Amino acid sequence: MIEPKPAMQAQPSDENGQGAGPNGTNPEKAPGKAGRKRRFGGTAAQIRSALKFYKVMAYLTGAMLLLLCAELVARYAFGQYLFAGGTNAVTGQPFGLGFAAAEPQGVTGGLNVSVTVLIVHGWMYVVYLMSNFRLWSLMRWQFAKLILLALGGVIPFLSFIVEKKFHTDVEAELAANPQAPQRY
């Protein structure tokens, strides 16, 4: 008859008679971590590529969000849109680049830069969410981290803070688990 082997090997005990975990820590203080290997959803190169793409999108989306906030303040606090080109509706003179009244419309024709900022930020946020999902799935993080990543594109300045934190987390996890990305 074959004798079953225990799932955990006996670890040498410390001075208190407590068994040490795989990395010298007490397994009782870190529930669920003892005996578990860290695995990633891709190779180190794939993870670093996803991290670089996420970083670029975080900075671009954060910058567009700040432009969007400035545009919304101009629109709702001062009643002004940013226009490029067109004709001044009151005087009939050509209009270059600047702010004009929102109601009644101060410029006819031309490009409404305020609306363009809204549209560009919206589509950039969609690509930012894709970069979030790619990094999150390769790292196999909890769902709460995906929510925090997604909030970075809608709360001003948060994308810069979150990017810095997650960048250091990814690099630390890759350095601490060199065997984890080797899945092929």
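Below: a short report on this structure.

## Regarding the overall build of the protein chain
Then, in step 1: Scanning the protein chain for helices and strands turns up four helices and five strands.
Then, in step 2: Taking all 184 residues of the protein chain together, 32% fall into the buried category.
Then, in step 3: Residue pairs in contact within the protein chain that sit at least 24 positions apart in sequence constitute 61% of those at least 6 positions apart.
Then, in step 4: Put simply, the protein chain shows about 11,700 Å² of open surface, and 65% of that area lies on carbon and sulfur atoms.

## Some words on the nonpolar core
Then, in step 1: If you look at the biggest cluster of nonpolar residues, it comprises 29 residues, and the most contacted ones within it are Ile47, Tyr54, Leu135, Met139, Trp141, Leu149 and Val170.
Then, in step 2: Those elements giving two or more residues to this core turn out to be helix 1 (44-78), helix 2 (113-139), helix 3 (143-151) and helix 4 (158-176).
Then, in step 3: In this structure Leu135 touches Ile47, Ala50, Leu51, Tyr54, Trp141 and Val170, once residues within four positions along its chain are discounted.

## Re unusual backbone geometry
Then, in step 1: Phi is positive for Arg140, close to 55 degrees, though the residue is something other than glycine.
Then, in step 2: Note that Arg140 resides in the loop between helix 2 and helix 3.
Then, in step 3: At Phe157, a residue that is not glycine, the phi angle is positive and equals roughly 70 degrees.
Then, in step 4: Within the fold, Phe157 resides in the loop between helix 3 and helix 4.

## Regarding a nonpolar patch on the surface
Then, in step 1: There is a patch of nonpolar side chains on the surface, built from Leu72, Tyr76, Val115, Leu118, Ile119, Trp123, Val126 and Met130 and spanning about 790 Å² of accessible area.
Then, in step 2: Only helix 1 and helix 2 provide two or more residues apiece to the nonpolar patch.
Then, in step 3: In terms of residue count, helix 2 provides more of the nonpolar patch than any other element does, six residues in total.
Then, in step 4: Position of Val115 relative to the elements: it lies in helix 2.

## Things to note about the sheet that holds strand 3 (residues 97-101)
Then, in step 1: Spatial ordering of the open sheet is given by 3-1-5, a layout of three strands whose pairing is antiparallel. The two strands at the open ends of the sheet, each matched to only one other strand, are strand 3 and strand 5 (111-112).
Then, in step 2: Judged from the two bridges that link them, strand 1 (residues 80-84) and strand 5 form a sheet pairing that is antiparallel. Counted as the bridge partner of Phe83 is Asn112 from strand 5.
Then, in step 3: Its contacts with the sheet put helix 1 on strand 1 and strand 3, and the angle it makes with strand 1 is roughly 125 degrees.

Cut-off values and rules
Positions within a chain are numbered from 1, following the residues in the order the chain's sequence is written. Under the rules for a predicted model, residues below a pLDDT of 70 receive no local features and side-chain atom pairs below 80 are neither given nor counted, while totals for whole chains, interfaces and linings still include all residues. Working from all heavy atoms in the structure, the side-chain values ignore hydrogens and water. Numbering of helices and strands runs from the N terminus; a helix is a DSSP stretch of H or I covering at least four residues, while a strand is a stretch of E covering at least two. Burial status follows relative accessibility: with a 1.4 Å probe on protein chains alone, a residue under 20% of its type maximum counts as buried, one over 50% as exposed, and anything between as partly exposed. Note on contacts: a residue pair is in contact if any heavy atoms of the two residues lie within 4.5 Å. The protein chains shown are the only cover counted for residues, whose accessible areas, like all others here, come from Shrake-Rupley with a 1.4 Å probe. Here, nonpolar core means buried Ala, Val, Leu, Ile, Met, Phe, Trp, Tyr and Cys residues that are tied together by side-chain atoms lying within 4.5 Å of each other. Residues forming no salt bridge and having over 30% relative accessible area are the ones grouped into patches, like charges within 9 Å of each other and nonpolar side chains (Val, Leu, Ile, Met, Phe, Trp, Tyr) within 5 Å. Salt bridges are identified by distance alone: a Lys or Arg side-chain nitrogen within 4 Å of an Asp or Glu carboxyl oxygen. Here, strands pair whenever DSSP counts at least two bridges between them. For helices, the fitted line uses only the C-alpha atoms of the stretch in contact; every axis is such a line through C-alpha atoms, and the angle between N-to-C directions lies from 0 to 180 degrees.

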